[in-house]
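Residues per chain are reported as follows:
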Amino acid sequence: MGIVRTDRLVYEYVRRDEENQIEETLRAVDGVSLDVQEGQFVAILGRNGSGKSTLAKHINALLFPTDGVIWVGGMDTRQEEHIWDIRQTAGMVFQNPDNQIIATVVEEDVGFGPENMGVPTPEIWKRVRESLEAVGMTAYRKASPNHLSGGQKQRVAIAGVMAMRPRCIVLDEPTAMLDPSGRREVIRTVRKLNREEGITVILITHYMEETVQADRIFVMDNGKIRMSGVPREIFARVEELKALGLDVPQATELGSRLAADGLPVPSGILTISELTQSLWEAREAGAQVGGPRSESAESAAGGEAFPSGGGKPSGEAAAAADAGQAPVLEVRDVTYRYGIGTPMETQVLKGVSFSIPRGQFVSIIGHTGSGKSTLIQHLNGLLKPDAGEVRFHGENIFGEGYNRRMLRGKVGMVFQYPEHQLFEVDVLTDVCFGPKNLGCSPEEAEARAREALRLVGMDESFYRRSPFELSGGQKRRAAIAGVLAMEPEVLVLDEPTAGLDPAGRDEILDQVARLHREKNMAVVLVSHSMEDVARYAERLIVLDDGLVAFDGPPREVFRHHRELEKMGLSAPQVTYLVEELRQAGFLVSGDVTTVAEAEQEILRCFGEETAE
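Residues numbered from 1 in each chain as written. Predicted model: local features only at pLDDT ≥ 70, side-chain atom pairs only at ≥ 80, totals over all residues. Heavy atoms only, no water.

1. Some remarks on the overall build of the protein chain
Reasoning step 1: Helix and strand counts for the protein chain come out as 23 helices and 20 strands.
Reasoning step 2: A compact globule built from 612 residues would reach a C-alpha radius of gyration of about 25 Å, and the protein chain, at 25 Å, matches this within 12%.
Reasoning step 3: With the principal axes as the frame, the protein chain shows a C-alpha extent of 70 × 70 × 50 Å.
Reasoning step 4: Taking all 612 residues of the protein chain together, the buried fraction comes to 55%.
Reasoning step 5: In the protein chain, the proportion of contacts linking residues at least 24 apart, taken out of those at least 6 apart, comes to 66%.
Reasoning step 6: Working note: accessible area of the protein chain is about 25,700 Å², and carbon and sulfur atoms make up 46% of it.
Reasoning step 7: Counting 67 positive and 92 negative side-chain charges, the protein chain places the centres of these two groups 2 Å from one another. (Helix = DSSP H or I, 4+ residues; strand = E, 2+ residues; numbered from the N terminus. Rg over C-alpha atoms; globule rule 2.2 N^0.38 Å. Buried < 20%, exposed > 50% of the residue type's maximum accessible area, 1.4 Å probe, protein only. Contact = heavy atoms within 4.5 Å. Areas by Shrake-Rupley, 256 points an atom, 1.4 Å probe, with all protein chains shown as cover. Lys, Arg positive; Asp, Glu negative; His and termini not counted. Charge placed at Lys NZ, Arg CZ, Asp CG, Glu CD.)

2. Observations concerning the packing of helix 15 (residues 427-437) against helix 16 (residues 442-455)
Between two packed helices, both the angle of their axes relative to each other and the distance between the axes serve to describe the pair.
Reasoning step 1: Where helix 15 meets helix 16, the closest approach of the two axes is 8 Å, and the angle between their N-to-C directions is 120°. By the angle class used here, helix 15 and helix 16 are oblique. Crossing angle aside, the handedness with which helix 15 passes helix 16 is right-handed. The segment helix 15 lies against helix 16, with Val-427, Leu-428, Val-431, Cys-432, Pro-435 and Lys-436 engaging Pro-442, Ala-445, Glu-446, Arg-448, Ala-449, Arg-450, Ala-452 and Leu-453. (Axes fitted to C-alpha atoms, helices over the stretch in contact; angles between N-to-C directions. Parallel < 35°, antiparallel > 145°, perpendicular 65-115°, else oblique. Left-handed = near helix turned anticlockwise from the far one by under 90°.)

3. A look at the pairing of strand 17 (residues 490-494)
Reasoning step 1: With 5 of 5 residues buried, strand 17 is to be regarded as a mostly interior element.
Reasoning step 2: With burial as the criterion, each face of strand 17 is covered, one bearing Val-490, Val-492 and Asp-494 and the other bearing Leu-491 and Leu-493.
Reasoning step 3: Of the strand pairs in this sheet, strand 17 and strand 18 (residues 522-526) are connected by 5 bridges, and their pairing is parallel. Looking at strand 18, one finds that Asp-494 is bridged to Val-526.
Reasoning step 4: For the crossover that starts at strand 17, traverses helix 18 (residues 502-519) and ends in the parallel strand 18, the hand is right-handed. (Pairing = 2+ DSSP bridges. Right-handed = clockwise from strand over helix to strand, strands pointing away.)

4. Quick word on the sheet that holds strand 2 (residues 22-36)
Paired through backbone hydrogen bonds, the strands of a sheet run either parallel or antiparallel to each other.
Reasoning step 1: Strand order in the open sheet formed by 4 strands is 2-1-4-5, and the pairing between neighbours is antiparallel. Two strands close off the open sheet at either side, each with one partner strand: strand 2 and strand 5 (75-76).
Reasoning step 2: Relative to strand 2, strand 1 (residues 4-16) runs antiparallel, the two sharing 11 bridges. Counterpart to Leu-9 in the pairing with strand 2 is Val-32.
Reasoning step 3: Together, strand 1, strand 2 and strand 4 (67-72) form the strand contacts of helix 1 (residues 52-59), whose direction differs from that of strand 1 by roughly 115°.

5. Describing the packing of aromatic side chains
Reasoning step 1: Enumeration according to the criterion identifies 4 aromatic pairs in this entry.
Reasoning step 2: Taking 4.9 Å as the distance between ring centres and 80° as the angle between the ring planes, the aromatic pair formed by Tyr-11 and Tyr-13 counts as edge-to-face.
Reasoning step 3: Aromatic pair Tyr-336 and Tyr-338: ring centres 5.0 Å apart, planes at 85°, arrangement edge-to-face.
Reasoning step 4: With relative accessibility at 11%, the residue Tyr-336 sits in the buried group.
Reasoning step 5: Residue placement shows Arg-183 over the ring face of Tyr-207; its charged tip is 4.2 Å from the ring centre.
Reasoning step 6: Arg-283 extends its terminal NZ or CZ atom over the ring of Phe-586, reaching a point 4.2 Å from the ring centre. (Phe/Tyr/Trp six-rings, centres within 6.5 Å; stacked < 30°, edge-to-face > 60°. Lys NZ or Arg CZ within 6 Å of the ring centre and 35° of its normal.)

Here it is as structure tokens:
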């Protein structure tokens, strides 16, 4: 028997009314049977609501089966006498490390679990030392967790679980809130624990590239296991995965598309090195292609983020469109400190300046703690700078007598977890709140709300439903509609897709891109996904340590990917692929940031070599 085994596991969530009568039953896990062997690295993929997290909570005995059985370390979780032994066998790391870190000093937090278990003090400190060494955080043992980056906090959370000496660690989307550097840190740590310590790892994630080195992948949908196999087998089924609302690594998708174009690329490519090798072999074999696919074929392949009718303009076109145009928003030499006059005083912004013209799609990127969220809260007056100015249509928003209530209708803010902005009894009433607050009549507020809900693609059947009954993606669309109903000129979004599955992510960003085009609305998107900003933004502003490090079109900014890596960022995977191809002797352009661009450039190279 494996360390984790389930036999026809079923779990149902039951919702009851005020009189404790069953109102609705939702089967979240539906007859799941799987067997995880000790020492394996297993990944579980699936859309939001597919049952992944519910299954994970059974492994840690946070939930108990409605039907069927789950054994952890040979122990049946339904037997109460085994609960604490099961929780020592399988430790759990959640998405947000702040939910697991409770002490004021790193080493005390790591020692909390063993102390709770009654481990003798000398053994506790031995475990703390070894766990911090294993995750590379020894240098921070005396630090306050509040002073750590997201990736460092997550490594401390993993060390806290490790100190309890589990045989298995279950990680439920541990990198969803992290920048590229933090994601790399955590996954590197997890792989090291699996490889060197022999700890079984069960990883739940929406980042497909994190799973390519797994021993086995399980794909869930509607509570059932729909696929299982090694990564190469799973990712060879590109269209099936996309039908389930999932994605594949960029190298995998590009390889699949090039194979469809006629190049002899094997299915199930997992890394850029594998794809480079395949293309080199294809060239040596004299492979030929008929040339890049037509626009209609490109659209059918789903390679572009935008439907026909116009996508993002090139950097040059965007710059030309901006020429001579008065900015809608200006940030002039803004500085800001937290905790002024206290020992914790920290300067977050150090003289930031930029302007945004009407209708531009801008993305602000930077490592965790670079000042992104602090900066955007200045744009509609939620925070006031220590020095410098923020101007809306040329007027200082912090000037005497300025109507910032009006401003917040014109510069709409959607926070990192937009569903936290929902609070009314039903969706339509919630979306009406903003316009009413701006002084609109009930009739006008409802008209605006209906139009906003239409713009985000929310069907009328949802209007009278509680916003808390919606899926994650639907909640975010409702929250965005609540901002749109105020008819903003600028839409500011702080990580609006964090924690969403690939299909939900694309739904939200496609809607934002459509609004940007149809309403000529300026968009300011904060994101940790380099692939997303490459697909959607016309312009990137890179923050590093409270300063603007780069400002320009994505293809220009990503030319500096080595400098970006030093800032805790990265470039899209295909940018690194093109660099490898160039080193292998392919005459490819370095300015490639999307799968579609990479496909066209590689086909051009093969076409030119064929012509010669």
